[in-house]
Structure formats: C-alpha cells, structure tokens
Amino acid sequence: MTEMITQTEEKIGYVFRNKNLLRKALTHSSYLNEHREAEECNERLEFLGDSVLSLICSDYLYHTRSGDEGELTKTKALLVCEEALSTYAKDLKLGESLLLGRGEKLAGAEHRNSILCDEIEAILGAMYLDGGYEKAKEFILPLLMGGEEKFRQHDYKTLLQEVIQKNRGEVLKYVIADQFGPEHEKTFVCHLYLNSNRISEASGRSKKAAEQAAAKIALELMGVKEDT
C-alpha cells in the first residue's frame, strides 16, 4: 500500500501530508464492500472534488476568455465532462492505483471512463483538503489547459449543430445502434439521423467518441471544414 501511495504521488506531482486522504481517494466502493478494514470509499471526496474542479475551471475561463455565459459554459462542459476527465486520468495512468473489489477488477473497471472520472475528482478533493485550493489548482489546471486544445479540435457535434441550425426545422438525432467487446474495451456504433434520414455511421471506444466520429463524417459529406 505504501508503495502504491508513493507511486501515485509521483504521478500527480504532489506529496500528501495525510496519506490516508489519498488512500480514501483511491478506494472504490467495491473494495470497501470486500475489505472491512478499509475506512471509507472515495465517493465523498469525489463529491467535494467535483465542486473544486468546477470552481477552478470557471475561474480559469473567466479570467482568460471574453465570450458570453453561453460560450463559457460550453467550453467548461468540454473540459470537465466524463470523457475529458477520464482522458486526464488515463494519461497519468491513475487506473493502476485504484483499489477495486475482485469482481470489478476482473471486469477491467480500472479502464472504465466513469470510474476514472470519479477517481480524479476524488484525488482533487483529497488534495484540496490536504494542501488547499492552490495545490489543487496546480494539479488540475495544466490538464484543463491541455485538454482545451485537444477536445475543442474534436468537437464535431457542436460544429455540426451550428451548421444544421442555419436550416430551421432540421433535427439531428444520434442513436447507439450496437455495442460489442469486453466491458473494459467496448466498441459502440452510432447512427446519425437528419430528420428521418440516416446520414452517417461510425464507431468509437465510448458512446461520445462514436457520436463525434459520426458527426465528423457528416460534416465531411457536407463539405464543411472544422474551422468553419
């Protein structure tokens, strides 16, 4: 356990004064159910971390962006959504540090986006309690700044919606038509409809990735470039 804590601290670039806080942040509820000696799972820290994340992201965008509330909200949603947070966690290989129950471990839960998202929020909450707002900000802000460029480049759904809105009465609908593969490596197939007509089909490692891929294909078919 001590080695895992040390390795995690190296990954996140922060040394906890209260190691127990980090231990809680890494404890999934499934592990708590199987190990009575564990004090608490990471759900309460996740709750706190979610609010800390929201404040840090909002503060960053307020001071660096000139858009209206709608634009700021759109960018914030892009940076703190499940796909973005799980990507940050995967980049840091935080899934390797999770304490999981046997069943979840066998199911490959350390690769699951929802669980990785919860983990990074719990770590942020623990860091806030241990070192304060500034330490939490030092950890998550560089990830948000890097994510803005990464995820904005691939927000094909928003671009497609803006194109379609020019024609009133047109309705886009994304349908997950199929999914296959093991739990931790699922592939999702998305059908994209414009009104009642299917205009594209694509697959991805998550539902959102499949939807983005379908939107990208639709834009290409319409001859729309990403910087439109």
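All residue numbers refer to position in the chain's written sequence, counted from 1. Owing to the predicted nature of the model, reporting of local features is limited to residues with pLDDT of at least 70; listing and counting of side-chain atom pairs is limited to 80 or more, with chain, interface and lining totals taken over all residues. No hydrogens and no water enter the side-chain calculation; it runs on all heavy atoms of the structure.

*Asks:* What am I meant to see in the overall build of the chain here?
*Replies:* The number of helices and strands found in the chain is 11 helices and three strands. Starting at the N terminus, helices and strands are each numbered in turn, a helix being any DSSP run of H or I of at least four residues and a strand any DSSP run of E of at least two. Taken from N to C terminus, the helices and strands of the chain fall in the order α-α-α-α-α-α-α-α-α-α-β-β-β-α. For the chain, the C-alpha atoms occupy an extent of roughly 60 × 45 × 25 Å along the three principal directions. Burial here depends on accessible area, computed with a 1.4 Å probe over protein chains only, as a share of the maximum for the residue type. Under 20% is buried, over 50% is exposed, and the range in between is partly exposed. Looking at the chain as a whole, 43% of its 228 residues qualify as buried. Whether two residues are in contact is decided by their heavy atoms: any pair within 4.5 Å suffices. Sequence separation of 24 or more characterises 54% of the internal contacts of the chain that already satisfy a separation of 6 or more. Total accessible area on the chain is roughly 12600 Å²; 49% of this is exposed by carbon and sulfur atoms. Where accessible areas are quoted, they stem from the Shrake-Rupley method and a 1.4 Å probe; at the residue level, only the protein chains shown are allowed to cover.

*Asks:* Where do I start with the pattern of salt bridges in this structure?
*Replies:* Opposite charge on two side chains permits pairing when their charged atoms draw close. Note on definitions: salt bridges are taken to be side-chain nitrogens of Lys or Arg within 4 Å of carboxyl oxygens of Asp or Glu. Per the counting criterion, the structure on display carries 12 salt bridges. Across the pair aspartate 59 and lysine 137 runs a salt bridge, and its minimum N-O distance is 3.9 Å. Of the two residues, aspartate 59 is situated in helix α4 (residues 43–64) and lysine 137 in helix α9 (residues 133–152); the sequence distance between them amounts to 78 residues. The class of aspartate 59 is partly exposed, set by a relative accessible area of 27%. For lysine 137, a relative accessible area of 22% puts it in the partly exposed group. Glutamate 211 is the partner of lysine 157 in a salt bridge, and the nearest nitrogen-oxygen pair spans 2.8 Å. One end of the pair, lysine 157, is in helix α10 (residues 156–165); the other, glutamate 211, is in helix α11 (residues 207–222), with 54 residues separating them in the sequence. Connected through shared salt-bridge partners, Lys24, Glu40 and Arg44 make up one network.

*Asks:* Just to check I follow, could you spell out the environment of alanine 136 for this structure?
*Replies:* By secondary structure assignment, the location of alanine 136 is in helix α9. Residues alanine 136 and tyrosine 14 lie 122 residues apart in sequence; the distance between their C-alpha atoms is 9.3 Å.

*Asks:* In this structure, what is going on with the side chain of serine 86? I would like to understand it.
*Replies:* Mapped onto the elements of the fold, serine 86 is located in helix α6 (residues 82–91). Definition of a polar contact: a pair of N or O atoms within 3.5 Å, with one able to donate and the other able to accept a hydrogen when the atoms are protein atoms, and with sequence-neighbouring residues admitted only if both atoms are side-chain atoms. In terms of polar contacts, serine 86 uses its side chain to reach the backbone carbonyl oxygen of glutamate 82, at 2.9 Å. Apart from residues no more than four positions distant in its own chain, serine 86 is found in contact with Asn113, Leu116 and Cys117.

*Asks:* Just to check I follow, could you spell out the packing of α10 against α11 for this structure?
*Replies:* Helix-helix packing: each pair is described by the crossing angle between the helix axes and the interaxial distance. Here, axes are lines fitted to C-alpha atoms. For helices the fit covers the stretch in contact, and angles between N-to-C directions go from 0 to 180 degrees. Where α10 meets α11, the axes come as close as 8 Å, and the angle between the chain directions of the two elements is 45°. Compared by their axis directions, α10 and α11 come out oblique. For the pair α10 and α11, the crossing hand works out as left-handed. Residues Tyr156, Lys157, Leu159, Leu160, Val163 and Ile164 of α10 form the contact with α11, whose participating residues are Glu211, Gln212, Ala215, Lys216, Ala218, Leu219 and Met222. Angle categories are assigned with fixed cut-offs, so that under 35 degrees is roughly parallel, over 145 is roughly antiparallel, 65 to 115 is roughly perpendicular, and the rest are oblique. In this scheme the crossing of two helices becomes right-handed for a clockwise turn of the near helix relative to the far one and left-handed for an anticlockwise turn of less than a right angle.

*Asks:* What exactly am I supposed to notice about α6 here?
*Replies:* It helps to recall that an α-helix has 3.6 residues per turn; residues three or four apart then point in one direction. Those residues of α6 not exposed but buried are Ala84, Leu85, Ser86, Thr87, Tyr88 and Ala89. Immediately beyond the C-terminal end of α6, within one or two residues, lies lysine 93, with a positive phi of roughly 55°.

*Asks:* How should the state of the cysteines be read in this particular structure?
*Replies:* When the sulfur atoms of two cysteines share a covalent bond, that bond is a disulfide. Cysteine sulfur pairs qualify as disulfides if the two atoms are within 2.5 Å. Under the defined criterion, the tally for this structure stands at zero disulfides. Here cysteine 81 is not disulfide-linked; the sulfur of cysteine 117 is the nearest cysteine sulfur, at 8.2 Å. A residue is classified by how much of its surface remains accessible, and cysteine 81, at 19% relative accessible area, is buried.

*Asks:* Please explain the pairing of strand β3 (residues 197–204) as it appears in this structure.
*Replies:* The two faces of the sheet receive side chains in turn, since in a regular strand these alternate between them. In this analysis, strands are considered paired if DSSP registers two or more bridges between them. As judged from the seven bridges shared by strand β2 (residues 187–194) and β3, these two strands associate in the antiparallel manner. Residue pairing for β3: phenylalanine 188 is matched across the bridge by glycine 204. The hairpin turn running from β2 into β3, its antiparallel successor, is two residues long, and asparagine 195 in that turn takes a positive phi close to 60°.

*Asks:* Please explain the sheet that holds β2 as it appears in this structure.
*Replies:* In a beta sheet, neighbouring strands are held together by backbone hydrogen bonds and run either parallel or antiparallel to one another. Taking strand neighbours across the sheet as the criterion, the three strands line up as β1-β2-β3 in an open arrangement whose pairing is antiparallel. Across the chains shown, the open sheet's two edge strands, defined by having one partner strand only, are β1 (172–180) and β3. Each strand axis lies, on average, 20° off the axis of its neighbour in the sheet, ignoring direction. Along the sheet, α10 contacts β1 and β2; its crossing angle with β1, the most-contacted strand, is approximately 145°. Each of β1, β2 and β3 touches α11; the most contacted strand, β3, lies at about 130° to it.

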